[in-house]
Amino acid sequence: MAIQGVIFDLGHTLMLLDGTWAEMFAHGTEDLVRFLEVREPGIDAGALAQAWLDRRSEGFARARDTMREVTAEETMRWCLARWGVTDPDPALLTGAIDAFFAYEEAHWHADPEAVPALEVLASHGLRLGMFSNATYDPLIQRLVDRLGFRPWLDPALSSASTGIRKPDPAAYAPFLERWGLAPASVAVVGDTLKADILGARWAGMRTVWVRARADARQEGGAGTPDPQPPAMPDANVERLSELPACLLAF
């Protein structure tokens, strides 16, 4: 069956990170502390920021096991409640989260071949969408807009918005429903064999692995590599410029 739709991963697939995750965490934590010191001077900002990092780490582990997302909002509410703020003002809740992510957000940039590849695929009549495992949907939506992907991706979803995390094949159900396509006519393109490729194969979709990004550590940490690949893709590419020819050949 010819490919009629393509679901992209976002981080390390359509966009690349200019820096290391250690840098993102360090700067994000400093920015969170500064925000809290100004906004809530009665709170031990350093201790809360450390609790935030610890709770996020626990959340990543739980989300990987259950394939259900633990959102940034849920984590920040828990942290604020520990310091007596049980019903935080929305400006405090979102401001604290945005402060933590601001440095990271500024360091994502579009792969220079991403938009040209999307343009070619759209010109062939393919439906295009995006699903990202992420804890904070507002960040994902802002990046989709800033990096110029919005005109091509419909829908653009995250696990933070749907609650379902890849590789659960249910993550892809909204695309099939909106597009009215059979799983075998849809391909998933991503950089991780487990989240992207395995989940798509479970869903009965075709798969393309962006192999050059396979060593890009995800935010939650890659952990110990699997002794055997969790799933083998139908095809792989080294760069996004190769993608249209690859997909159109299926």
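See the structure above.
Quick summary incoming for the structure in this document. (Residues numbered from 1 in each chain as written. Predicted model: local features only at pLDDT ≥ 70, side-chain atom pairs only at ≥ 80, totals over all residues. Heavy atoms only, no water.)

1. Description of the side chain of Ser-158
(1) Moving on: Inspection of the secondary structure puts Ser-158 in strand β5 (residues 156-158).
(2) Moving on: Judged by its relative accessible area of 0%, Ser-158 falls in the buried class.
(3) Moving on: The contact partners of Ser-158, leaving out residues within four places of it in the chain, are Phe-131, Ser-132, Ala-134, Asp-137 and Ile-140. (Helix = DSSP H or I, 4+ residues; strand = E, 2+ residues; numbered from the N terminus. Buried < 20%, exposed > 50% of the residue type's maximum accessible area, 1.4 Å probe, protein only. Contact = heavy atoms within 4.5 Å.)

2. A short note on the pairing of strand β1 (residues 5-8)
(1) Moving on: Neither face of β1 is left uncovered, since the one carrying Gly-5 and Ile-7 and the one carrying Val-6 and Phe-8 both have all their residues buried.
(2) Moving on: Of the strand pairs in this sheet, β1 and strand β4 (residues 127-132) are connected by four bridges, and their pairing is parallel. Note that in β4 the partner of Ile-7 across the bridge is Gly-129.
(3) Moving on: When β1 meets strand β6 (residues 186-190), the two strands line up parallel, connected through four bridges. In the sheet register, Phe-8 faces β6, and the bridge partner there is Val-189. (Pairing = 2+ DSSP bridges.)

3. Considerations on the packing of helix α1 (residues 21-39) against helix α4 (residues 90-106)
(1) Moving on: Where α1 meets α4, the closest approach of the two axes is 7 Å, and the angle between their N-to-C directions is 145°. When the axes of α1 and α4 are compared, the crossing they make is right-handed. Across the interface between the two elements, Trp-21, Glu-23, Met-24, Phe-25, His-27, Gly-28, Thr-29, Asp-31, Leu-32, Phe-35, Leu-36 and Arg-39 from α1 touch Ala-91, Leu-92, Gly-95, Ala-96, Ala-99, Phe-100, Tyr-103 and Glu-104 from α4.
(2) Moving on: When grouped by side-chain class, the residues that make up the contact of α1 with α4 number 12 nonpolar, four polar and four charged. (Axes fitted to C-alpha atoms, helices over the stretch in contact; angles between N-to-C directions. Left-handed = near helix turned anticlockwise from the far one by under 90°. Nonpolar A, V, L, I, M, F, W, Y, C, P; charged D, E, K, R; others polar.)

4. Digging into the environment of Pro-90
(1) Moving on: Locating Pro-90 in the fold gives a position in helix α4.
(2) Moving on: Distance from Pro-90 to Pro-174, taken between C-alpha atoms, is 29 Å for residues 84 residues apart in sequence.

5. Some thoughts on the pairing of β4
(1) Moving on: By the criterion of burial, β4 is predominantly enclosed, with five of the six residues buried.
(2) Moving on: Inspection of the sheet shows β4 paired to β5 by three bridges, in the parallel sense. Pairing of Ser-132 across the sheet is with Ser-158, part of β5.

6. Description of the pattern of salt bridges
A pair can form between side chains of opposite charge whenever their charged atoms are brought close.
(1) Moving on: Scanning the entire structure with this criterion turns up 16 salt bridges.
(2) Moving on: Here Arg-34 ties to Asp-31 by a salt bridge, and the two come within 2.3 Å at their closest N and O atoms. A residue pair is termed a helical-turn pair when its members lie 3 or 4 positions apart in one helix, as Arg-34 and Asp-31 do in helix α1 at three residues.
(3) Moving on: Given a relative accessible area of 46%, Arg-34 falls into the partly exposed group.
(4) Moving on: Using a relative accessible area of 21% as the deciding quantity, one classes Asp-31 as partly exposed.
(5) Moving on: Residue Lys-166 pairs with Asp-196 through a salt bridge whose shortest N-O separation is 2.7 Å. One end of the pair, Lys-166, is in the loop between α7 (159-162) and α8 (173-179); the other, Asp-196, is in helix α9 (residues 193-202), and 30 residues separate them in sequence.
(6) Moving on: By relative accessible area, which is 5% here, Lys-166 ends up buried. (Salt bridge = Lys/Arg side-chain N within 4 Å of Asp/Glu carboxyl O.)

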